[in-house]
Amino acid sequence: MSTATPSTDETSRRDFLYVATGSVAAVGAVSVLWPLISQMNPDASTLAMASSEIDIGAIPAGQIVTVKWRGKPVFIRHRTPEEIKAAQGDDNASMPDPATDKSRVQKPEWLIVIGVCTHLGCIPLGNQGEYNGWFCPCHGSVYDTSGRIRKGPAPRNLDVPPYAFLTDTKVKIG
Amino acid sequence: MHGLSTFEPKNGAVKWLEARLPILSFAHSSFVAYPTPKNLNYWWTFGAILSFMLIAQIITGVVLTMHYTPEATLAFSSVEKIMRDVNWGWLFRYAHANGASMFFLAVYIHMFRGLYYGSYKNPREVLWILGVIIFLLMMATGFMGYVLVWGQMSFWGATVITNLFSAIPIFGNEITTWLWGGFSVDNPTLNRFFALHYLLPFVIFAVVGLHVWALHVTGQNNPDGVEIKDVEKDCVPFTPHATMKDGLGVTVFLLVYCWFIFYVPNYLGDADNYIPANPLKTPPHIVPEWYFLPYYAILRAIPDKLMGVIAMFAAIAVLAFLPWLDKSPVRSAKYRPMYKALFWAFVVVSIGLGYCGAMPAAEPYVTVSRVLSVLYFGFFALLPFLPRWEKTLPVPATIAEAVLAKSGVKAEPPKPEPVKAAPAKAPTKSTRLWK
């Protein structure tokens, strides 16, 4: 076996081999790392449960119904005229996450929001709190009748899920 | 702190093993001949108590695993099955659940001990930081273990704690979805928490190994905070002195532990956790286990989500910087009057925060926890400036001097070398091993 000349500043074939070997090892390591991270994301069966249809014909005005969508509660609130008026009247009030009531509903009498407090994920209690919307018992966030955050530590309004009215009495969430 | 032991095996089998794996001489120099400062008090027995608790948790935990089912629809009933049907199942579950509390009680005392006597100072910074890492691992393990029961408080505690990560800007929601393996806490979350709850105690075990290693490199701190100058005068061998003292400490601690297991096994738990997890109903008052309460109070004290989460983690992380925040050359609070007062104020603040964390998120607790959070961080903020104002008391020159001063005897001044060399004494049995 011939020994390479002991040069330190010249690039040699050996340097090239070192870099090439190292690069292949790095690519190999990353390609193993990705499946290790990805396996923790939602699997196919979890993703498959992505939409649900609900009959809302039987919900009287003033009532909130909780349905389950993707493992989370969704509030379907049949709002009374007073609640709609209160929500629209506060459109210009100062709030942490300003939004008009109109931007949060498709039909004014139906408010559909994900029932998870945007603070740390508790389920707020309906028809409670200063604005008679929702009140989160965990850390005291107060939402109004449009599901907008008005007081407390939550950073965002209650999220509006993607939904569509299939008929007047049937809604598809997701 | 080694090289004091001359382990000379007489037994043939021991000699044979020594030549191949010197594990017995290692154990001998670490736990028999190891020189411990003469002046250690009972606060120094918590290292042994914690080692005992770690082993106890691993043994009871492995036993529980043999009967537990980590599946969302079966987990709660399998825990009830352990309580009602499995032979001695109630004993193992109560020992494990209360064991976690005892483990944290011991670790908090151990940490306050280090804080009081300045055990984090040069040259023990790495030892201290390893301790902070063990504490973090314990918190993760304790939290995930509590989730496995899959009661209401397990489920909603898991929801609140995992949602802390949603405060991370930009990727927050992706990270929480990744942690859950779904869109909420569910079966995939339970499964991975089970795997990690089984894994982490062994990681803790390994870091404890490093912690003890680091301890044996620098040697133990002691109540007077002066380094060992003369092993002969300042120290006693680990066995029998520390072994016996640790033994008594563990025994007394076991009495308290057993009192919880056999008389008030559910006192430290939450009644809501005997209701199976319901993803559609949040309990009116979510509280974590008592050992997380001070940090929970800090989280709730801040009205902004991201800042609250940052403050909570900072409250733990700041401990790792303690060796560089405290600039006083004197270690022990015994000789630092201002630091001593500040230390006790810090203890009161920490307990106060714990109390606020257990109370509902309403006035006056919100304001009180805000004030206490400021005081908590204030303690660490004051430390660098303390040496400017503090007049420390005279520190004894050696451990021997400190011990003798306590009994009213004046330490003899260092004797000049005797002119006539004394004939070398044959080593007596008790000193031979560690000299």
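Think of each chain on its own: its residues are numbered from 1, step by step along the sequence as written. To label them, take the chains in the order written and letter them from A, then take the ligands in the order written and number them from 1. Only residues with pLDDT of at least 70 get local features here, since the model is predicted, and only at 80 or more are side-chain atom pairs given and counted; chain-wide, interface and lining totals rely on the full set of residues. Each side-chain value is derived from all of the structure's non-hydrogen atoms; neither hydrogens nor water enter the calculation.

Chain B has the name Cytochrome b in an unreviewed UniProt entry, where Rhodoblastus acidophilus is given as its organism. UniProt positions are given in the numbering used here, feature names are shortened, and annotations may be inferred rather than shown by experiment. Annotation of chain B in UniProt includes, under Sequence similarities (unreviewed entry), the sentence "Belongs to the cytochrome b family." Quoted verbatim from the Function (unreviewed entry) field of the UniProt record, the comment on chain B reads "Component of the ubiquinol-cytochrome c reductase complex (complex III or cytochrome b-c1 complex), which is a respiratory chain that generates an electrochemical potential coupled to ATP synthesis."

Taking an unreviewed UniProt entry as the reference, chain A is identified by name as Ubiquinol-cytochrome c reductase iron-sulfur subunit belonging to Rhodoblastus acidophilus. In UniProt, chain A has this text filed under Subcellular location (unreviewed entry): "Cell membrane". UniProt, in the comment section headed Sequence similarities (unreviewed entry), describes chain A in these words: "Belongs to the Rieske iron-sulfur protein family."

Caption draft 1: The interface of chain B and chain A, seen in detail. Should any heavy atoms of two residues lie within 4.5 Å, those residues are counted as being in contact. Of the residues lining the interface, 26 residues belong to chain B; the matching set on chain A comes to 26 residues. Taken over both partners, the interface formed by chain B and chain A buries close to 2,300 Å², and the fraction arising from carbon and sulfur atoms is 65%. By definition, the buried area sums, over both parts, the 1.4 Å-probe accessible area that each loses when the two are put together. Summed over the three residues of chain B that lose the most area to chain A, namely Trp178, Phe183 and Lys305 of chain B, the buried surface amounts to 32% of that side. In what follows, salt bridge is the name for a side-chain nitrogen of Lys or Arg lying within 4 Å of a carboxyl oxygen of Asp or Glu. Taken together, the connections running from chain B to chain A amount to zero salt bridges. Whenever two N or O atoms come within 3.5 Å, that pair is a polar contact, provided that in protein one can donate a hydrogen and the other can accept it, and provided that, for residues adjacent in sequence, both atoms are side-chain atoms. Taken together, the links from chain B to chain A amount to nine residue pairs in polar contact (both at pLDDT 80 or more). Counting from the N terminus, the helices are DSSP H or I runs at least four residues long and the strands are E runs at least two residues long. With four residues, the top contributor of residues to the side of chain B that touches chain A is helix α7 (residues 152-163) of chain B.

Caption draft 2: Representation of helix α18 (residues 399-406) of chain B within the structure. Residues and elements named next belong to chain B. Burial classification: accessible surface area is computed with a 1.4 Å probe over protein chains only, and a residue below 20% of its type maximum counts as buried, one above 50% as exposed, and the rest as partly exposed. Of all the positions in α18, only Ile399, Ala400 and Ala402 are classed as buried. All buried residues of α18 project into a common sector of 165 degrees when viewed along the axis, lining one side. Of the surrounding secondary structure, the elements contacted by the buried residues of α18 are β1 (35-37) and α10 (231-234). Immediately downstream of α18, the backbone of glycine 408 shows phi near 80 degrees, a positive value. Arc definition: directions from the helix axis to the C-beta atoms.

Caption draft 3: Broad picture of unusual backbone geometry. Residue and element names in this part refer to chain B. Following asparagine 122, the chain continues into proline 123 via a peptide bond in cis, with omega recorded as 10 degrees. Relative to the elements of secondary structure, proline 123 occurs in the loop between α5 (89-116) and α6 (125-148). In this model, threonine 239 is joined to proline 240 through a cis peptide bond whose omega is 10 degrees. Checked against the element boundaries, proline 240 lands in helix α11 (residues 238-263). Here the phi dihedral of isoleucine 170 falls at roughly 65 degrees; this positive angle occurs in a residue that is not glycine. Mapping isoleucine 170 onto the fold places it in the loop between α7 and α8 (172-180).

Caption draft 4: The UniProt feature "transmembrane region" (unreviewed entry) in chain A, seen in detail. Mapped onto this numbering, the UniProt entry annotates "transmembrane region" (unreviewed entry) at residues 16-37 of chain A. Counted over residues 16-37 of chain A, helix gives 100% and strand 0%. Its end C-alpha atoms are 32 Å apart.

Caption draft 5: Spatial organisation of the sheet that holds strand β2 (residues 64-69) of chain A. Residue and element names in this part refer to chain A. In short, DSSP must find at least two bridges between two strands for them to pair. Here three strands make up an open sheet; going across it, the order is β2-β3-β4 and the pairing antiparallel. Of all the strands in the sheet, the pair left with one neighbour each is β2 and β4 (110-114). Ignoring strand direction, the axes of neighbouring strands in this sheet form an average angle of 20 degrees. Where strand β3 (residues 72-78) lies against β4, five bridges are found, and the strand directions are antiparallel. The residue of β4 that forms the bridge with phenylalanine 75 is valine 113. What counts as an axis is a line fitted to C-alpha atoms, over the stretch in contact for a helix, and the angles between N-to-C directions run from 0 to 180 degrees.

Caption draft 6: Quick peek at the domain arrangement of chain B. Residue and element names in this part refer to chain B. Note that the domain bounds were set by an automatic or database domain assignment. If you check the domain split of chain B, you get domain 1 (41-112 + 134-204 + 239-280) and domain 2 (287-408). Of the residues lining the interface, 24 residues belong to domain 1; the matching set on domain 2 comes to 18 residues. Summed over both partners, the interface of domain 1 with domain 2 buries about 1,800 Å², with 76% contributed by carbon and sulfur atoms. On inspection of domain 1 and its partner domain 2, the count reaches zero salt bridges. Residue assignment for the side of domain 1 that touches domain 2 shows that the elements contributing at least two residues are α5, α6 and α7. If you tally residues by element for the side of domain 1 that touches domain 2, the top one is α5, at seven residues. Charged means Asp, Glu, Lys or Arg here, nonpolar means Ala, Val, Leu, Ile, Met, Phe, Trp, Tyr, Cys or Pro, and polar covers whatever is left, Gly included. Considering only residue class, the side of domain 1 that touches domain 2 consists of 18 nonpolar, five polar and one charged.

Caption draft 7: Geometry of the sheet that holds strand β1 (residues 52-55) of chain A. All names here are of chain A. The strand order across the open sheet built from three strands is β1-β10-β9, with neighbouring strands paired in antiparallel fashion. The sheet is open, and its two edges are formed by β1 and β9 (163-165), each paired on a single side. Adjacent strand axes in the sheet meet at a mean angle of 20 degrees when their direction is disregarded. For β9 and strand β10 (residues 170-173), the ladder comprises three bridges, and the chain directions are antiparallel. Bridging from a neighbouring strand, tyrosine 163 pairs with isoleucine 173 of β10.

Caption draft 8: The arrangement of the UniProt feature "domain: Cytochrome b/b6 C-terminal region profile" (unreviewed entry) in chain B in detail. Mapped onto the present numbering, the UniProt feature "domain: Cytochrome b/b6 C-terminal region profile" (unreviewed entry) falls at residues 228-397 of chain B. Helix and strand shares over residues 228-397 of chain B are 59% and 2% respectively, and the end C-alpha atoms of the span are 10 Å apart.

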